[in-house]
Amino acid sequence: QVQLVEPGGGLVQAGGSLRLSCAASGRTFSDYGMGWFRQAPGKVREFVAYTTWSGGSVYYGDSVKGRFTISRDNAKNTVYLQMNSLKTVDTAVYYCASGLGGRSISTYVHWGQGTQVTVSS
């Protein structure tokens, strides 16, 4: 079993940056792929980014490609999401997740509680 905790989030102006972190405890963190998803009010949960267990391969949703960067530190059991050039449409609750990985929600087993990111114009 893996527990995921996401401190951070917050309010930022459009064009600004924010870094999210997700700390894992429990079963060996490095066994899992790690992903970030987000869900805006009234919308379905959307794939944001994914990294393989080694961090050697990363993938991004089209809406964040070139602006967001996912990384992980297996020594610290932590995955990060660096968000640059933020837009108001990036406003959502952001979730980290662990599992087999990929773009599909169904391949993730463990989920964090979510953290609110609000981008103001």
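Our subject is the structure that appears above.
None of these values were measured; they are calculated from a predicted model.

(A) Representation of the packing of aromatic side chains. A complete count under the given rule lists six aromatic pairs for this structure. Ring centres 5.7 Å apart and planes at 15° place the aromatic pair Y50 and Y59 in the stacked group. Its relative accessible area of 9% is what places Y50 among the buried residues. For Y59, a relative accessible area of 40% corresponds to the partly exposed category. An aromatic cluster of at least three residues, connected via ring pairs, comprises F37, F47, Y95, Y108 and W111. Its guanidinium or amino end placed over the ring of Y95, R45 lies 3.7 Å from that ring's centre, counting from NZ or CZ. The ring of W111 is capped by R45, whose NZ or CZ atom sits 5.0 Å from the centre of that ring.

(B) Main features of the side chain of E6. Structurally, the position occupied by E6 is in the loop between β1 (2-5) and β2 (10-13). Here E6 sits buried without a salt bridge, and the closest side chain of opposite charge, R45, lies 8.0 Å off (N-O distance). A polar contact is formed between the side chain of E6 and the backbone nitrogen of G114, at a distance of 3.0 Å. In this structure the side chain of E6 is engaged in a polar contact, spanning 3.3 Å, whose partner is the backbone nitrogen of T115. Apart from the residues lying within four places of it in its own chain, the contact partners of E6 are S21, C22, Y94, Y95, C96, G112, Q113, G114 and T115.

(C) Examining the sheet that holds strand β8 (residues 78-83) more closely. The antiparallel open sheet is built from four strands, whose spatial order is β1-β3-β8-β7. Each edge of the open sheet carries a strand with a single partner, namely β1 and β7 (68-73). Between one strand axis and the next, the sheet turns by 20° as a mean value, whatever way the strands run.

(D) Region of the structure containing the pattern of salt bridges. According to the stated counting rule, one finds four salt bridges in the structure shown. Here D62 makes a salt bridge to K65, at a shortest N to O gap of 3.3 Å. When the shortest N-O distance is used, the salt bridge between R67 and D90 registers 2.8 Å. Here R67, found in the loop between β6 (58-60) and β7, pairs with D90, found in the loop between β8 and β9 (92-99); they are 23 residues apart in sequence, far enough to count as distant. The buried category is assigned to R67, whose relative accessible area is 11%.

(E) Spotlight on the environment of Q113. Structurally, Q113 is set in the loop between β10 (108-111) and β11 (115-120). Taking the C-alpha atoms as reference points, Q113 and P7, separated by 106 residues in sequence, lie 9.6 Å from one another. In this structure, Q113 is in contact with L4, V5, E6 and Y95, ignoring residues within four places of it in sequence. There is a polar contact of 3.2 Å between the side chain of Q113 and the backbone oxygen of E6.

(F) Summary view of the state of the cysteines. Applying the stated criterion across every chain, the model contains one disulfide. Residue C22 pairs covalently with C96 via a disulfide, S to S 2.0 Å. The sign of the S-S torsion, about 50°, decides the handedness of the disulfide formed by C22 and C96: right-handed. Linking C22 in strand β3 (residues 18-26) with C96 in strand β9, this pair joins segments that are 74 residues apart in sequence. Of the two residues examined, C22 and C96, each falls in the buried class.

So, how was this worked out
- Residues numbered from 1 in each chain as written.
- Predicted model: local features only at pLDDT ≥ 70, side-chain atom pairs only at ≥ 80, totals over all residues.
- Heavy atoms only, no water.
- Phe/Tyr/Trp six-rings, centres within 6.5 Å; stacked < 30°, edge-to-face > 60°.
- Buried < 20%, exposed > 50% of the residue type's maximum accessible area, 1.4 Å probe, protein only.
- Lys NZ or Arg CZ within 6 Å of the ring centre and 35° of its normal.
- Helix = DSSP H or I, 4+ residues; strand = E, 2+ residues; numbered from the N terminus.
- Lys, Arg positive; Asp, Glu negative; His and termini not counted.
- Salt bridge = Lys/Arg side-chain N within 4 Å of Asp/Glu carboxyl O.
- Polar contact = N/O pair within 3.5 Å; in protein donor to acceptor, adjacent residues only side chain to side chain.
- Contact = heavy atoms within 4.5 Å.
- Pairing = 2+ DSSP bridges.
- Axes fitted to C-alpha atoms, helices over the stretch in contact; angles between N-to-C directions.
- Disulfide = S-S within 2.5 Å.

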